[in-house]
There are 2 protein chains.
Amino acid sequence: MYHRVSFRDVNLFGDFWEKRQDINREVTMPAIRDRFEQTGRFHAFEMIPLSEGGIKPHIFWDSDVAKWMESAAYILEKHTDNALIAQVDAVVDLIEKHQDENGYFNLYFTVVEPDKRFQRRDDHELYCAGHLIEAAVAYAQATGKTKFLDLMKKYVSCIEKAFVQEHTAAFCTPGHEEIELALYKLYRYTGEKKYLDLALHFINQRGTIENEKSLYNQSHLPVRQQSTAEGHSVRACYLYAAMADLAYETRDEELYNSCKQLFDNIYQKRCYITGGVGSSRHGEAFTVDYDLPNAEAYAETCAAIALAFFASRMQRFSPDPAYADIIERILYNGMLSGVSLDGKSFFYENPLEILHSRRGRNVSVSDPERFPSARRQEVFDCSCCPPNITRFIASVADYLYTYSDDAIYVHQYMSGVANFSIGERAVRISQKTNYPVSGQIDIVAKNIKGMCLAVRIPPWCDDFSIYIDGGKRENQVRDGYLYISAKSEVLSLTLNLSMKPRLIYSDARNAEDAALCALGRGPLIYCMESCDNQIPLRSIQLLSPLQTNEFYNQDLDCIQITARALVVESQTDSGALYYHQPKYRQISSEWIPYYAFANREECDMLVWSRYQIDISKQ
Amino acid sequence: MYHRVSFRDVNLFGDFWEKRQDINREVTMPAIRDRFEQTGRFHAFEMIPLSEGGIKPHIFWDSDVAKWMESAAYILEKHTDNALIAQVDAVVDLIEKHQDENGYFNLYFTVVEPDKRFQRRDDHELYCAGHLIEAAVAYAQATGKTKFLDLMKKYVSCIEKAFVQEHTAAFCTPGHEEIELALYKLYRYTGEKKYLDLALHFINQRGTIENEKSLYNQSHLPVRQQSTAEGHSVRACYLYAAMADLAYETRDEELYNSCKQLFDNIYQKRCYITGGVGSSRHGEAFTVDYDLPNAEAYAETCAAIALAFFASRMQRFSPDPAYADIIERILYNGMLSGVSLDGKSFFYENPLEILHSRRGRNVSVSDPERFPSARRQEVFDCSCCPPNITRFIASVADYLYTYSDDAIYVHQYMSGVANFSIGERAVRISQKTNYPVSGQIDIVAKNIKGMCLAVRIPPWCDDFSIYIDGGKRENQVRDGYLYISAKSEVLSLTLNLSMKPRLIYSDARNAEDAALCALGRGPLIYCMESCDNQIPLRSIQLLSPLQTNEFYNQDLDCIQITARALVVESQTDSGALYYHQPKYRQISSEWIPYYAFANREECDMLVWSRYQIDISKQ
């Protein structure tokens, strides 16, 4: 078993992530707060009756604000900000003021339908509670202020009474999972076993109640019998994360096996190359194995984040390289695409292709098909993703390290310093890197003599070198990691991962991407946008072996790749749609990181490209 | 201007079409009649009130039966069948019995809502009338029996009164076009100008009535201002066919120009390679230029047939090779796929790809996406296509020839003999061919001395030879035709069109098919089915230049093509969905004619394939 190093014990500095954390703190957080102000989400905590002009809160507004508060707490771990504290405290005061005597707290079920409390399984009540609990734990941890936490403990007592002791609730398990992992956090922070018990109660009941059976919300089977990722993808991954927490805490092997099968099913069969999950907007859901349409991808930002939660919890069982791989995909692609480069606007859905013409195809009917938005929005009616992004980016260093008594795993590469304890040892690990622009990572680990440092060689990298204490070594990669024994107090090493652009292929059973290729550079998946490429993107056939140039794109602050490609030219004389004497022409195709798409004009975008191989070289 | 040779003047014999006409007559016609019996469509003509146990007729049942009667008439042109005559007469007798005194006849608006006659523009009333008129004309022409025709003339008087003289109808133009081309047929057969006038009335009113504006049913603009094919594709093509009829009859250049632009828009930008049209099931409609998705194609059988009607009418203005090309595509692909090889079951939609896994993707929700059926059905609730197929196949020789005073055009190749008059000349043209299996066509034309015989060289053929009166000639193709002057009374020639399989490409703006290829052999478009190919169809990359073998597939009675292809093999050890070290393997891919798909087990199907070119040979 392994322990995770918390982001609280890591200070990041350096280009890529520090820049994003700065934007997150300075731009995104205030932008979300402003939007929440404008839409009445904060105001709703004043619980003004509708009859007195109060705004009708949506059933998930509590969770939107809670995630913003949780984000604030994470930011406060690293930055003193009294104004931010005051803003959070103001909400906490309103919660205190309007919380029921019995501990109950929910906006919708107080202002709109107070007689329906704990009656509607699908109305996000316990989901909102879960996010409030997470925020309260995070805020207590960051500030030492416990009022919020105390209020939520009172609320949990109320929940426990309704669902376990007195069975006054009309349902047994939440329709939208989330509270389970929140309760585990509460247990870990307070040490009070009743919270663990309540989490276990919800998990163990799930899928056993006849009238709550639903594939959509993962209640189709008892959790220990679930082995394929089903239904609403955010709900699913929050559930799986909680299952992993509880399997770890209780050493429940059966539950772990379920988690492992669920993870493998996602990783091997139901996950976009960007780390996105949820292939269908119908139910925002997982579908079937190898069904990963690009232009109609749902791939909600929240689902990618939830999958990272799940994967990182799985890393406490083993350093299976799949976990760090999926987290890296999410970090640099499927999560990061959810927010614009300036930090002000957001994607809820993260398609892998934009076809503008198709979006407007149903010109003659009133029930047009729906396609993902091609432009990030400043606000959504459903605004779960923006504050999920802020809390994720603020705590992104959570994903760097795990350790056991005799080994420390370096899973992700970000400049920064970690200080944490392993038993009596005060360990310090520093990374210095310009990753993902460069693949050189300098690592210095202190006070780990006799231990092993395991540094990850990502599966996309098959050309690397490592220098240990100044000397080149020929270490073997074992299951995705290089294992280096620390012979002295200080271990210093330089890892060079080749950042040469590469073509990536998909399992042929994934019909959408079979016999196509994606372009990757390091952890980044690239895409073409039609504002950089003057011909239809689907007509571009990348040439393999790749012939590329790279340059720094100042506008997008990224490495842009120019790749040789082939295009077929139509016969221009006949005007015919179909023809049989193609003429080929070589062109340069322009590629930018996927996360940077949709930051300029609205245009077509493509990840998976046709390609032509030089057959003679195969 | 040119004249068309009617199928009435042509007798087909020989493999391909005679076989289909036999199945059409012996299997499909009785099968449809049985289905119509079972579903109460014939019974409905007894007009039993619902209160007395009558079946509620659908608003378009009249048209279903009318098309079956029209098919019967076409069959009776060539085959004596007293039983069939009796069946038609029985329906005619019921029409006579239940027709209103004022001439009105419609099942739904008599049995269900008699007070709503001519009140509901979108309820197919005039569409049903149009099909009854077409059937009545055809039946009179085939049998000399005029009762049905007389009844319909009476009905037309009723319509004319309601829409032109007394304006008692609540709308001005039909919501579903069809009656316009039927009225033109009635005019041509009877010579009575009032029918032409009524057709012109509907055409000229269309798009001019403010509260009837609709893109969906081509009422968005006056017809002479329409230049892009819009809305419901069957309605559109029936309208365009009528417009072409009337432009030809009245020498209306403005109307012709509109027809030409509409045709070009379809042919160059909105038509599947199979001749199918209507890219979206939403409205069964044309969408936007170059929007031709394969797996979600609508491409209704009726729309392909309607487009052939339109194209063949355009051939009376000029022998633009696009007209014969689209008709050929429809004949051998997009129409023929609408009926099973045994003649018993039908497709309404004709997709260019079947992806079974995707059809069942929405496992967790109650509002799954809809995909075209992968199995032909014996009957539909909406059964417009089956009797449209029967009337089309029974009259398929309609598409062979046009002529002017000094030239005869041979547009399509089918074994048979045509006898028709040009002025005083009794012309006889016989074709002998095994087309489309073989590309050799022997043509003997009699009594055309001094005229020109123009034989079509299809655009898919760039390798042909021609022997005239036994000697090889080096004629130049001019706009798709070889022009041969007849120096004596009998002109005999042998045309050899190379049937070598070829790759076909699409204009790059057609995103769905850009940088893919289709496989064609003669007029036939081919497809792969997964019952012949053991690996995912989308993973198969055809090798270009093509390397093929052909053999006769006895089960499907067609030429099957084996083509060399490349596949990428997944790394099998890791189980990862994505990888970057592909291994290639050459395989044989199996291709059958598109029209023959879905005649065995239900499985995946693909027309547009990935391909790899041997770059060194370019």
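Definitions and limits used
- Residues numbered from 1 in each chain as written.
- Chains lettered and ligands numbered in written order.
- Predicted model: local features only at pLDDT ≥ 70, side-chain atom pairs only at ≥ 80, totals over all residues.
- Heavy atoms only, no water.
- Helix = DSSP H or I, 4+ residues; strand = E, 2+ residues; numbered from the N terminus.
- Rg over C-alpha atoms; globule rule 2.2 N^0.38 Å.
- Contact = heavy atoms within 4.5 Å.
- Areas by Shrake-Rupley, 256 points an atom, 1.4 Å probe, with all protein chains shown as cover.
- Lys, Arg positive; Asp, Glu negative; His and termini not counted.
- Charge placed at Lys NZ, Arg CZ, Asp CG, Glu CD.
- Pairing = 2+ DSSP bridges.
- Least-squares fit on C-alpha atoms with pLDDT ≥ 70 in both.
- Axes fitted to C-alpha atoms, helices over the stretch in contact; angles between N-to-C directions.
- Parallel < 35°, antiparallel > 145°, perpendicular 65-115°, else oblique.
- Left-handed = near helix turned anticlockwise from the far one by under 90°.
- Nonpolar A, V, L, I, M, F, W, Y, C, P; charged D, E, K, R; others polar.
- Buried area = accessible area lost by both parts, 1.4 Å probe.
- Salt bridge = Lys/Arg side-chain N within 4 Å of Asp/Glu carboxyl O.
- Polar contact = N/O pair within 3.5 Å; in protein donor to acceptor, adjacent residues only side chain to side chain.
- Buried < 20%, exposed > 50% of the residue type's maximum accessible area, 1.4 Å probe, protein only.
- 1 Å grid on protein atoms, 1.4 Å probe; cavity = no way out; pocket = protein on both sides within 12 Å on 5 of 7 lines; lining within 4 Å.
- Points joined across faces, edges and corners; volume = space filled by probe spheres on them.
- Phe/Tyr/Trp six-rings, centres within 6.5 Å; stacked < 30°, edge-to-face > 60°.

Peer 1: Please explain the overall build of chain A as it appears in this structure.
Peer 2: On a plain count of helices and strands, chain A comes out with 14 helices and 24 strands. The C-alpha radius of gyration computed for chain A amounts to 25 Å, which stays within 12% of the reference 25 Å derived for 618 residues, consistent with globular compactness. Projected onto the principal axes, the alpha-carbon positions of chain A cover approximately 75 × 75 × 50 Å. Within chain A, contacts between residues at least 6 apart in sequence are counted, and of these 70% link residues at least 24 apart. Accessible area of chain A: about 21,200 Å², with a carbon and sulfur share of 44%. Here chain A contributes 66 positively and 83 negatively charged side chains, and the mean placements of these two sets differ by 3 Å.

Peer 1: Just to check I follow, could you spell out the sheet that holds strand S1 (residues 3–4) of chain A for this structure?
Peer 2: Backbone-to-backbone hydrogen bonds join strands into a sheet, with any given pair of strands oriented parallel or antiparallel. Residue and element names in this part refer to chain A. Reading across the sheet, the six strands line up as S1-S4-S5-S9-S13-S12 and stay open at both edges, with mixed pairing between neighbours. Two strands bound the open sheet, and with one partner strand each, they are S1 and strand S12 (477–478). Across four bridges, strand S5 (residues 407–410) lies against strand S9 (residues 452–456) in parallel orientation. Its bridge partner lying in S9, Tyr409 is registered against Ala454.

Peer 1: Teacher, can you tell me more about the relation of the copies chain A and chain B here?
Peer 2: The relation between the two chain copies is a rotation about an axis coupled with a shift along that axis. With an axial shift of 0.0 Å and an RMSD of 0.0 Å, the rotation relating chain A to chain B amounts to 180°. Such values leave the two copies arranged in the relation of a two-fold axis. Scanning chain A for the C-alpha nearest the rotation axis identifies A:Gln612, at a separation of 2.9 Å. When the interface residues of chain A are mapped onto chain B, 100% of them again fall at the interface, so both copies present the same face.

Peer 1: Got a minute to help me understand the environment of A:Ala72 in this structure?
Peer 2: Residue and element names in this part refer to chain A. You can see Ala72 is positioned in helix H2 (residues 61–76). Separated by 305 residues in the primary sequence, Ala72 and Gln377 have C-alpha atoms spaced 22 Å apart. Residues in contact with Ala72, not counting those within four places in the same chain, are Met29, Leu84 and Val88.

Peer 1: Help me out: how do you make sense of the packing of helix H11 (residues 301–314) of chain A against helix H12 (residues 321–334) of chain A in this one?
Peer 2: When two helices pack together, their arrangement is given by the angle between the helix axes and by the axis-to-axis distance. Residues and elements named next belong to chain A. Viewed as axis vectors pointing N to C, H11 and H12 meet at an angle of 155°, and their least axial separation amounts to 9 Å. Looking at the two axes, H11 sits roughly antiparallel to H12. Crossing hand, H11 versus H12: left-handed. On H12, the residues touching Ala304, Ile305, Leu307, Ala308, Ala311, Ser312 and Met314 of H11 are Tyr323, Ile326, Ile327, Ile330 and Gly334. In the contact of H11 with H12, the residues fall into 10 nonpolar, two polar and no charged.

Peer 1: Explanation requested: the interface of chain A and chain B in the structure shown.
Peer 2: Bring the parts together and some accessible area is lost; that lost area is often taken as the interface size. Counting from both sides, the interface comprises 80 residues of chain A and, opposite them, 80 residues of chain B. Both sides together, the interface formed by chain A and chain B hides about 6,300 Å², and carbon and sulfur atoms give 54% of it. Among the residues chain A hides against chain B, the three largest losses belong to A:Arg361, A:Leu577 and A:Tyr578. Together they make up 13% of the total. Counting the contacts that link chain A with chain B gives eight salt bridges. The tally of links from chain A across to chain B stands at 37 residue pairs in polar contact (both at pLDDT 80 or more). Taken together, the elements giving at least two residues each to the side of chain A that touches chain B come down to helix H10 (253–269), helix H13 (356–359), strand S15 (502–506), strand S18 (541–544), strand S20 (558–569), strand S21 (578–579) and strand S24 (610–613) of chain A. Residues of the side of chain A that touches chain B, tallied by class, amount to 40 nonpolar, 22 polar and 18 charged.

Peer 1: Would you mind showing me how to read the pairing of S5(A) here?
Peer 2: Each regular strand displays side chains that alternate between the two surfaces of the sheet. Burial along S5(A) is two-sided: A:Ala407 and A:Tyr409 and A:Ile408 and A:Val410, pointing in opposite directions, are all buried. In this structure, the hairpin formed by strand S4 (residues 401–403) of chain A and S5(A) is closed by a connection of three residues.

Peer 1: I tried to follow empty space enclosed by the protein on my own but got confused; where do I start?
Peer 2: One way to see where empty space is left: roll a probe the size of a water molecule over the atoms. Evaluation of the coordinates by the stated rule reveals 13 cavities of 30 Å³ or more. If you add up the space inside the largest cavity, you get close to 310 Å³. Forming the walls of the largest cavity are 22 residues, and the residues nearest its centre are A:Glu512, A:Arg538, A:Arg610, B:Glu512 and B:Arg538. Among the residues forming the lining of the largest cavity, the class breakdown is eight nonpolar, two polar and 12 charged.

Peer 1: Please clarify how the pattern of salt bridges should be interpreted in this entry.
Peer 2: Side chains bearing opposite charge may pair, as long as their charged atoms lie close to each other. Residues and elements named next belong to chain A. A complete count under the given rule lists 91 salt bridges over all chains for this structure. Asp532 is the salt-bridge partner of Arg600, the closest N and O atoms lying 2.6 Å from each other. Separated by 68 residues along the polypeptide, Arg600 in the loop between strand S22 (583–593) and strand S23 (605–606) and Asp532 in the loop between strand S17 (524–529) and S18 bring together distant segments of the chain. The exposure class of Arg600 is partly exposed, given its relative accessible area of 27%. Given a relative accessible area of 18%, Asp532 falls into the buried group.

Peer 1: What is the right way to look at the side chain of A:Glu512 in this model?
Peer 2: Note on placement: A:Glu512 falls in the loop between S15 and strand S16 (518–521). A distance of 2.9 Å separates a polar atom in the side chain of A:Glu512 from a polar atom in the side chain of B:Arg358. Other than its neighbours up to four places away in sequence, A:Glu512 contacts A:Leu292, A:Pro293, A:Asn294, A:Ala295, B:Arg358, B:Arg538 and B:Arg610.

Peer 1: What is the right way to read helix H14 (residues 385–394) of chain A from this model?
Peer 2: Residues separated by three or four positions in an α-helix point in the same direction, a consequence of the helix having 3.6 residues per turn. The buried count for H14(A) comes to 10 of 10 residues, which makes it a mostly enclosed element. Buried within H14(A) we find A:Cys385, A:Pro386, A:Pro387, A:Asn388, A:Ile389, A:Thr390, A:Arg391, A:Phe392, A:Ile393 and A:Ala394.

Peer 1: Even after reading the chapter, I still don't get the sheet that holds strand S2 (residues 10–12) of chain A, so can you show me in this structure?
Peer 2: Residue and element names in this part refer to chain A. Across the sheet, seven strands lie side by side as S2-S6-S7-S8-S14-S10-S11; this open sheet has antiparallel pairing. A single partner strand is all that each edge strand has here, and the edge strands are S2 and strand S11 (471–473). Ignoring which end each strand starts from, the neighbouring axes of this sheet average 20° apart.

Peer 1: I would appreciate a short explanation of unusual backbone geometry in the present structure.
Peer 2: Backbone phi values are negative for most residues with the exception of glycine, while trans is the configuration of most peptide bonds. Residue and element names in this part refer to chain B. With an omega of 5°, the peptide bond running from Tyr435 to Pro436 counts as cis. Phi is positive for Asn447, which is not a glycine, with a value near 65°. Of note, Asn447 is situated in the loop between strand S8 (440–446) and strand S9 (452–456). The phi dihedral of Ala598 is positive, around 60°, even though this residue is not glycine. In this fold, Ala598 is placed in the loop between strand S22 (583–593) and strand S23 (605–606).

Peer 1: Got a minute to help me understand the environment of A:Asp555 in this structure?
Peer 2: Residue and element names in this part refer to chain A. On the secondary structure map, Asp555 appears in the loop between strand S19 (548–553) and S20. Looking at Asp555, the relative accessible area reads 72%, which means it is exposed. Along the backbone, Asp555 and Arg600 are 45 residues apart, and their C-alpha atoms lie at a distance of 9.3 Å.

Peer 1: I keep staring at the packing of aromatic side chains and nothing clicks. Help me out?
Peer 2: Geometrically, a pair of aromatic rings is defined through the distance of the ring centres and the angle of the planes. Applying the stated rule across the entire model yields 74 aromatic pairs over all chains. Centroid distance A:Phe7 to A:Tyr74: 5.0 Å. Interplanar angle 65°. Geometry classified as edge-to-face. Taken together, the residues span a long stretch of sequence, with A:Phe7 in the loop between S1 and S2 and A:Tyr74 in helix H2 at a distance of 67 residues. A relative accessible area of 2% places A:Phe7 in the buried class. Ring geometry for B:Phe118 and B:Phe163: centres 5.1 Å apart, planes at 75°, overall edge-to-face. Placement of the pair is B:Phe118 in the loop between helix H4 (108–111) and helix H5 (125–143) and B:Phe163 in helix H6 (residues 147–165), with a sequence separation of 45 residues. Accessibility classification places B:Phe118 together with B:Phe163 in one group, the buried group. Clustering of aromatic rings is evident, with ring pairs tying together A:Phe16, A:Trp17, A:Tyr332, A:Tyr413, A:Tyr435 and A:Tyr595.

Peer 1: Whenever I open this one, the side chain of A:Ser280 confuses me. Can you help?
Peer 2: With respect to the element layout, A:Ser280 can be found in the loop between H10 and H11. A distance of 2.8 Å separates the side chain of A:Ser280 from the side chain of B:Asn362, its partner in a polar contact. Ignoring any residue separated from it by four or fewer positions in sequence, one finds A:Ser280 in contact with A:Ala285, A:Thr287, A:Tyr298, B:Arg361, B:Asn362 and B:Glu369.

Geometric values such as these leave the question of function open.
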